[in-house]
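Letter by letter, the chains look like this.
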Amino acid sequence: MNNPGAAADDPFELLARTRTVLLDALEALVEHRDVVIVVGAQAVYLHTGGIEVAIAEATKDSDVAVDTRDLGGDPTINEAMENARFVLDPTKCQPGAWLSPDGIPVDIMVPEAIAGGGKSRRSVHQPPHDKMAMRRARGLEAAIVDNSEIVVRPLTEDDSRAISAKVAGPAALIVAKCHKIHERVDGPNPDRLKDKDAHDIYRILMAFEPEQLAPAFIRLLAEQISAQVTNEAVDILQNLFAAGPDAIGSAMAGRAEEGVGDPEQVSASIRFLAEDLINAIQVTEQVR
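Peer 1: What is the right way to look at the overall build of the protein chain in this model?
Peer 2: When you go through the protein chain residue by residue, the secondary structure sums to ten helices and eight strands. Relative to its length of 288 residues, the protein chain is compact, with a C-alpha radius of gyration of 18 Å against a globular reference of 19 Å. Principal-axis analysis of the C-alpha atoms places the extent of the protein chain at approximately 50 × 45 × 40 Å. Taking all 288 residues of the protein chain together, the buried fraction comes to 51%. Long-range contacts, defined here as pairs at least 24 residues apart, represent 71% of the contacts in the protein chain between residues at least 6 apart. Only carbon and sulfur atoms are counted for the fraction: they give 46% of the accessible area of the protein chain, which is about 13,300 Å². Both charge centroids of the protein chain, one from 28 positive and one from 46 negative side chains, sit 5 Å from each other.

Peer 1: Sorry if this is basic, but what is going on with the pattern of salt bridges here?
Peer 2: Two side chains carrying opposite charge are able to pair once their charged atoms lie near each other. Inspection of every chain in the model, using the stated rule, returns 15 salt bridges. Asp200 serves as the salt-bridge partner of Lys177, at 3.0 Å between the closest nitrogen and oxygen. Of this pair, Lys177 sits in helix H5 (residues 170-186) while Asp200 sits in helix H6 (residues 195-207), and the two are 23 residues apart along the sequence. Here Lys177 and Asp200 have matching classes, each one buried. Each of Lys177, Lys180, Lys196, Asp197 and Asp200 takes part in a single network of salt bridges with overlapping partners.

Peer 1: Would you mind going over the packing of aromatic side chains with me for this structure?
Peer 2: For any pair of aromatic rings, the description consists of the separation of the ring centres together with the inter-plane angle of the planes. Throughout the structure, instances matching the rule amount to zero aromatic pairs. Sitting over the ring of Phe272, Arg271 keeps its end group 4.7 Å from the ring centre.

Peer 1: I keep staring at unusual backbone geometry and nothing clicks. Help me out?
Peer 2: Note: most peptide bonds trans; most residues except glycine with negative phi. A cis amide bond links Asp74 with the next residue in sequence, Pro75, at an omega value of -5°. Turning to its location among the elements, Pro75 is positioned in the loop between strand S2 (62-66) and helix H3 (77-83). The phi torsion at Arg85 lies on the positive side, around 75°, for a residue other than glycine.

Peer 1: Sorry if this is basic, but what is going on with the environment of Ala143 here?
Peer 2: Mapped onto the elements, Ala143 comes out in helix H4 (residues 141-145). In the structure, Ala143 is positioned 32 residues away from Val175 in sequence and 8.7 Å away in space, judged by C-alpha atoms. Those residues within four positions of Ala143 in sequence are excluded, and the remaining contacts are Ile37, Val39, Ala168 and Ala172.

Peer 1: Just to check I follow, could you spell out the packing of H5 against helix H7 (residues 210-222) for this structure?
Peer 2: It is the contact of H5 with H7, at a shortest axis distance of 8 Å, that shows an interaxial angle of 65°. It follows from the interaxial angle that H5 and H7 lie roughly perpendicular. The handedness of the crossing between H5 and H7 comes out as right-handed. Packed against H5, whose contacting residues are Pro170, Ala171, Ala172, Ile174 and Val175, the element H7 presents Leu213, Ala216, Phe217 and Leu220 at the interface. When its residues are assigned to classes, the contact of H5 with H7 shows nine nonpolar, no polar and no charged.

Peer 1: Would you explain the pairing of strand S8 (residues 163-168) in this entry?
Peer 2: Two strands pair when backbone bridges link them, and strand S1 (residues 36-39) and S8 are joined in this way by two bridges, in the parallel orientation. Bridging across to S8, Ile37 finds its partner in Lys166. The sheet contact formed by strand S7 (residues 147-152) and S8 spans six bridges and is antiparallel. Within the sheet, the bridge partner assigned to Ser148 lies in S8 and is Val167.

Reading the values: rules and limits
- Residues numbered from 1 in each chain as written.
- Predicted model: local features only at pLDDT ≥ 70, side-chain atom pairs only at ≥ 80, totals over all residues.
- Heavy atoms only, no water.
- Helix = DSSP H or I, 4+ residues; strand = E, 2+ residues; numbered from the N terminus.
- Rg over C-alpha atoms; globule rule 2.2 N^0.38 Å.
- Buried < 20%, exposed > 50% of the residue type's maximum accessible area, 1.4 Å probe, protein only.
- Contact = heavy atoms within 4.5 Å.
- Areas by Shrake-Rupley, 256 points an atom, 1.4 Å probe, with all protein chains shown as cover.
- Lys, Arg positive; Asp, Glu negative; His and termini not counted.
- Charge placed at Lys NZ, Arg CZ, Asp CG, Glu CD.
- Salt bridge = Lys/Arg side-chain N within 4 Å of Asp/Glu carboxyl O.
- Phe/Tyr/Trp six-rings, centres within 6.5 Å; stacked < 30°, edge-to-face > 60°.
- Lys NZ or Arg CZ within 6 Å of the ring centre and 35° of its normal.
- Axes fitted to C-alpha atoms, helices over the stretch in contact; angles between N-to-C directions.
- Parallel < 35°, antiparallel > 145°, perpendicular 65-115°, else oblique.
- Left-handed = near helix turned anticlockwise from the far one by under 90°.
- Nonpolar A, V, L, I, M, F, W, Y, C, P; charged D, E, K, R; others polar.
- Pairing = 2+ DSSP bridges.

This is the structure we're talking about:
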C-alpha cells in the first residue's frame, strides 16, 4: 500500500486522485446514499471551484458524514467499504479511518449529537455496523441540516463517472471547520492545527456574500440538532477570526499563503469577512 502523503507532488494530481477515491467510496456506499453527505475539503472545493486565491485546491483525503438516524443495516458500512477493497488504516487504529487500495484516506464520521452511547470517545455504537466503521465528530451536525444534491465528477479524463451525492452547504462547512480548529487549539495536541483549515473558511467567505450565507445560519440555529454547534461556531468565528488579523484563525489563514500569496492581506481580509458574516446573521435574525 502506498503512502498517501506521497500520492503526488502536483496539487492538482493529488486532488484528482482523492476525487477518484471519493467517487469510489460513494459507489461503495450507494445503498446508503440518502444518509451519506460529503464534507471536508472536497465539499469546500465543490462549492468554491474557480475562486481565485493563491493556494491551489489540494487535499490528501476525503470526508463523509453519515446521518445514522435513517441508516439501514444492509450492507453494513464496514461490509460496503471492505467489498470495495477499502481497509481500516492500521497505523491510526481509530474508528472511521479508511484507506483505499492505493493508500488514500477516507474518513467516515457521524455527528456527535446522533452518534449514540458507548464507552469509546471516538467510536460509534450503531449495530449491526462495526464499532470501528465510523467515528464521532462534533460540528458535523450542521451538515445534516444544510446540504444539497450535487453531481460529483472525476478530475481525470479516463473516468466518466458522475455521481449525484449530498454535499454539505457552505454554512455547514464553516461550522464544521470552526469546530475542527477550535478543538485543536484547545486540545492536548495543538500541533495538529492545520493552517489550511482556516484558509478553507477564507475560500468560502470569498466565494459567498454574507447575505447568501446568513439565512442558512439562521436555519441551523433554529434546528434542534444543529443549534448548539452553530451557536458555538459563530462564537468561534468571532473569537478566532473577527477579533482581528492577529487572532489565531486569521493568522492561520494568512500563514497558509506564505511563499505563494499575501499572508497579511489574507489575515486582514478574513477578519473583515468574518465580521461581515456575523453582522449579517444578527441582522437576518432580527428581521425574522
